[in-house]
Amino acid sequence: MSRVSLEGQVAVVTGAARGVGELLARKLSARGAKIALVGLEPDALKQVSERLHGDSDHWHADVTDHEAMTRVAAEVKERFGKVDLVVANAGVANGGPFADSDPQSWRRVVEVNLIGSAVTARAFLPLLKESRGYLLQIASLAAITPAPMMSAYCASKAGVEAYAHCLRAEVGHQGVRVGVGYLSWTDTDMVRGADQDEVMRELRQRLPWPANKTYPLGPAVDRIVAGIERRSAHVYGQGWLRGMQGVRGYLPGLIGTVGQREMRRFAPRLQGMRTGLVGAGGSADEETRATQRS
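All values reported here derive from a predicted model rather than from experimental measurement.

J.: So what's going on with the packing of aromatic side chains? Which residues, and what values?
T.: For any pair of aromatic rings, the description rests on two quantities: the centre-to-centre distance and the angle between the ring planes. On inspection of all chains with the given rule, the structure shows four aromatic pairs. When the centroid spacing of 5.3 Å and the interplanar angle of 15 degrees are considered together, the rings of Tyr-182 and Tyr-236 count as stacked. With a gap of 54 residues between them, Tyr-182 in strand β6 (residues 177-182) and Tyr-236 in strand β7 (residues 234-236) connect regions that are remote in the sequence. Centroid distance Tyr-215 to Trp-240: 6.2 Å. Interplanar angle 40 degrees. Geometry classified as tilted. Of this pair, Tyr-215 sits in the loop between α7 (198-205) and α8 (217-230) while Trp-240 sits in the loop between β7 and α9 (241-244), and the two are 25 residues apart along the sequence.

In structure tokens:
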């Protein structure tokens, strides 16, 4: 598929304060796009915006808040005149056994990753219909294969993948293309935060190659940018993920068998695991919600 020039395009990136969102904003800006950054960390977003190559602005908003995101969409339209691209990238994660998980953190992972993605699309779809634009939903290897100790994250990413496929069928005739982006373990604050727990780190290291590696951020984001330029239906941050699609039907049974063995091995060490959100982004989310409650 031929590539679409990003020069003069207006791109909205959620979860843009760090990691995939930050680097993606930088690379899109370097290709001439105007960038609208959305997230929970206004100071960090401001710093990202100031480092971009071209025109940009930032908005502080919780992607799960429909009213806030509707306001953001209207203000982005007023600021830039249109929206051509939306990357629903905002996400959080937690880890540990489901039975011992913190119910609020478990629910929050689903709210941000799945509900927040749907809220983002609902707010910006009218503008994407006007521009015949493109929505890229960031999913994960976790959408393709389940994994023990990651029930909330896998459930949310499998859900968001299915939702995006449904949306593609619904809005394609209106000129809006929808893509799903898949990433394996990529060097971000979220993955580094998960690795701070010894059990989670060792479990991941025991995964079969190539799923047991942490991949550099730059090449993964380059692949995402190329997918955006092509308005691709599927974008793979690591090339081998494409091959996982052909065997995904066999993975739940395999993981169910192997996972039981691994959980038996690690069972004596599971007491006292951290049950909250991981990484700097997770901390920002928890701090924002604490402030709202006080």
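J.: Any chance you could break down the sheet that holds strand β4 (residues 85-88) for me, citing the residues and the numbers?
T.: Pairing within the open sheet is parallel, and its seven strands lie in the order β3-β2-β1-β4-β5-β6-β7. Edge strands, defined here as strands with exactly one partner in the open sheet, are β3 (56-60) and β7. The average angle at which neighbouring strand axes cross in this sheet is 15 degrees, direction not considered. When β4 meets strand β5 (residues 134-138), the two strands line up parallel, connected through four bridges. Across the sheet, Val-87 pairs through a bridge with Leu-136, a residue of β5. Sheet strands in contact with α8 are β4, β5, β6 and β7, and its direction is about 150 degrees off that of β5.

J.: With reference to specific residues and values, describe unusual backbone geometry.
T.: Going from Trp-209 to Pro-210, the amide bond is cis rather than trans, its omega being 5 degrees. Inspection of the secondary structure puts Pro-210 in the loop between α7 and α8. In the Ramachandran plot, Arg-132 falls in the positive-phi region, its phi being about 55 degrees despite a non-glycine side chain. Secondary-structure assignment places Arg-132 in the loop between α4 (103-131) and β5. Residue Arg-231 is not a glycine yet carries a positive backbone phi of 55 degrees. Mapped onto the elements of the fold, Arg-231 is located in the loop between α8 and β7.

J.: Tell me about the nonpolar core, residues and numbers included.
T.: Core analysis: the largest hydrophobic core is formed by 63 residues, its most contacted members being Val-76, Val-83 and Phe-124. For this core, the leading source of residues is α4, giving nine residues. With sequence-adjacent residues up to four places away left out, Val-76 is seen in contact with Val-10, Val-12, Ala-36, Trp-59, Gly-81, Val-83 and Phe-124.

Reading guide: rules and limits
Residues numbered from 1 in each chain as written. Predicted model: local features only at pLDDT ≥ 70, side-chain atom pairs only at ≥ 80, totals over all residues. Heavy atoms only, no water. Phe/Tyr/Trp six-rings, centres within 6.5 Å; stacked < 30°, edge-to-face > 60°. Helix = DSSP H or I, 4+ residues; strand = E, 2+ residues; numbered from the N terminus. Pairing = 2+ DSSP bridges. Axes fitted to C-alpha atoms, helices over the stretch in contact; angles between N-to-C directions. Contact = heavy atoms within 4.5 Å. Core = buried A, V, L, I, M, F, W, Y, C linked by side-chain atoms within 4.5 Å. Buried < 20%, exposed > 50% of the residue type's maximum accessible area, 1.4 Å probe, protein only.

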